[in-house]
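Summary of the model geometry
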Amino acid sequence: MATSSSDNVDVKDPVEDGKNKYTLVCTLCPSKILTPLSGEYLKEERQLPKMSQKKNSPEVETDTIQEWFLVDNMFTFENVGVSYVVDNMKFLTCADCESGPIGWMDITSQKSYVALPRVRQT
């Protein structure tokens, strides 16, 4: 059974009624990113840059992420930062400690996608 390291929340099933069951917070600080039932659960394989990159590497290293929470409106977030536009998207970060990317935003649709493995659930 998977649990959150700090609050001992059972995250075996992070979804309730197709939405995030728990509050999503930054993995490095206590910043609250999204309140429960605010993001629609989505299972889709997509690449996201790793949170740590090798120095002087000519290419961006990525992780394959398969679980996301879709957020239709940026104002739904409690606390999130965004990058400059990169290839028609913006990357999402923690607004307090700037760790990330924790997801991405499609600049055409203005929809945001939070990577489930990049956040903690409390």
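Residues numbered from 1 in each chain as written. Predicted model: local features only at pLDDT ≥ 70, side-chain atom pairs only at ≥ 80, totals over all residues. Heavy atoms only, no water.

By the naming in an unreviewed UniProt entry, the protein chain is Guanine nucleotide exchange factor MSS4, taken from Orchesella cincta.

Right, let's talk about the environment of Met-51 for a bit. Structurally, Met-51 is set in the loop between strand 5 (40-49) and strand 6 (62-71). Of the residues examined, Met-51 reaches a relative accessible area of 34% and is grouped as partly exposed. With 71 residues separating them along the chain, Met-51 and Thr-122 place their C-alpha atoms 21 Å apart. Beyond its immediate chain neighbours, meaning those up to four positions away, Met-51 contacts Ser-99, Gly-100, Pro-101 and Arg-118. (Helix = DSSP H or I, 4+ residues; strand = E, 2+ residues; numbered from the N terminus. Buried < 20%, exposed > 50% of the residue type's maximum accessible area, 1.4 Å probe, protein only. Contact = heavy atoms within 4.5 Å.)

With that settled, consider the pairing of strand 9 (residues 103-106). Direction of pairing for strand 8 (residues 89-93) relative to strand 9: antiparallel, over a ladder of 4 bridges. When the sheet's bridge partners are listed, Leu-92 is paired in strand 9 with Gly-103. Sheet topology places strand 9 next to strand 10 (residues 112-115); 3 bridges connect them, and they run antiparallel. The residue bridging Trp-104 from the neighbouring strand is Tyr-113, located in strand 10. (Pairing = 2+ DSSP bridges.)

With that settled, the discussion passes to the nonpolar core. One finds Ile-33, Phe-77 and Leu-92 to be the most contacted residues of the largest nonpolar core, which totals 17 residues. At the level of elements, strand 4 (32-34) and strand 6 are the ones that each hand at least two residues to this core. (Core = buried A, V, L, I, M, F, W, Y, C linked by side-chain atoms within 4.5 Å.)

Okay, the side chain of Ser-31 next. Within the element layout of this structure, Ser-31 appears in the loop between strand 3 (24-25) and strand 4. Of note is the side chain of Ser-31, whose polar atom sits 3.0 Å from the side chain of Asp-96. Ignoring any residue separated from it by four or fewer positions in sequence, one finds Ser-31 in contact with Leu-24, Val-25, Cys-26, Asn-79, Cys-94 and Asp-96. (Polar contact = N/O pair within 3.5 Å; in protein donor to acceptor, adjacent residues only side chain to side chain.)

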